[in-house]
Amino acid sequence: MNTTKQTKQSAFSLVELLVVIGVISFLFAITIPTLSSIQDSSGLSHGASILSSQINYARQLASSRSKPMEVRFIELPGRSGSGYHAIQIWLPDDQDPSQSRPLNRLAVLPHNILITTADTERSKLFDHLDPASKMPAGGAADGADYQAFQIRPNGSVVSSATASQRQDLYLTVISATRDGQSATSDSNYITVQLNPFT
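Residues numbered from 1 in each chain as written. Predicted model: local features only at pLDDT ≥ 70, side-chain atom pairs only at ≥ 80, totals over all residues. Heavy atoms only, no water.

Colleague: Quick rundown of the pairing of strand β3 (residues 86-91)? Include the residues and the values.
Modeller: On any regular strand, side chains alternate: one points to one face of the sheet, the next to the other face. The element β3 is extensively covered by neighbouring structure, given that six of its six residues are classed as buried. Here strand β1 (residues 69-74) pairs with β3 via five bridges, running antiparallel. By the bridge assignment for β3, V71 is matched with I89. Two strands pair when backbone bridges link them, and β3 and strand β5 (residues 107-108) are joined in this way by two bridges, in the antiparallel orientation. Each residue of the ladder has a partner; that of A86, found in β5, is V108. (Buried < 20%, exposed > 50% of the residue type's maximum accessible area, 1.4 Å probe, protein only. Helix = DSSP H or I, 4+ residues; strand = E, 2+ residues; numbered from the N terminus. Pairing = 2+ DSSP bridges.)

Colleague: Kindly report on unusual backbone geometry, identifying the contributing residues and their values.
Modeller: You will see that S66, though not glycine, has its phi angle at about 55°, which is positive. Within the secondary structure layout, S66 lies in the loop between α1 (14-65) and β1.

Colleague: I'd like a description of the layout of surface pockets, backed by residues and values.
Modeller: Of the volumes computed, that of the largest pocket is approximately 280 Å³. Lining the largest pocket are 14 residues; nearest its centre among them are E70, L129, D130, A148 and F149. Looking at the lining of the largest pocket element by element, the count peaks at five residues for strand β8 (residues 145-151). For the lining of the largest pocket, the per-class residue count stands at six nonpolar, six polar and two charged. (1 Å grid on protein atoms, 1.4 Å probe; cavity = no way out; pocket = protein on both sides within 12 Å on 5 of 7 lines; lining within 4 Å. Points joined across faces, edges and corners; volume = space filled by probe spheres on them. Nonpolar A, V, L, I, M, F, W, Y, C, P; charged D, E, K, R; others polar.)

Colleague: Just give me the short version of the nonpolar core, but keep the residues and values in it.
Modeller: L51, M69, F73, I87, I115, F149 and L171 are the most contacted members of the largest nonpolar core, which totals 31 residues. Of all the secondary-structure elements, those providing two or more residues to this core are α1, β1, β3, β6 (113-116), β8 and β10 (170-175). With eight residues, the single largest contributor to this core is α1. Beyond its immediate sequence surroundings of up to four residues, I87 is in contact with I50, L51, Q54, V71, R72, F73, R105, L106, A107, L109 and I115. Grouped together as the second largest cluster of nonpolar side chains are eight residues, I74, A86, M135 and A144 included. (Core = buried A, V, L, I, M, F, W, Y, C linked by side-chain atoms within 4.5 Å. Contact = heavy atoms within 4.5 Å.)

Nothing here speaks to function; it is all geometry.
Have a look at this one:
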């Protein structure tokens, strides 16, 4: 007797393979917007952290050196959105402004994150500052626009805000993709309030 054993090979059919690919594609399409939102939120948190730490550092420097410090908000060329993308602390020289000098490196906000200037309702501090100036030549932000305010050695903020406007000293960090939308339409933004007295 000659018996041949036939083995049945099992494999996926084309229909089964297409169904699996379709399910994986559907799940992938659902998770992409969620991952983008998480990345946006992380960038906003990091940007707000950079902003508040630079302001706190300027307060510490002003107090320890017994001199006012200048916090500059700098618009970097080539970055998207209408607003400021970096912060730097300067030691101002009131007699000769050309002798002012930076005290730290440029603190750049994450990509696509900025301090908005497009909607003055969201960053009212800029209403109480001098118009934008140009950064001096030879630095990291050579010729870029900036606005600045000073922090006195006692920790108070120098601005043109009156006593009733001091609650308006705040800045809003947004994603550049949301720039230009009103604050109510933004799903994600962070506002940093400056304490004008300490």
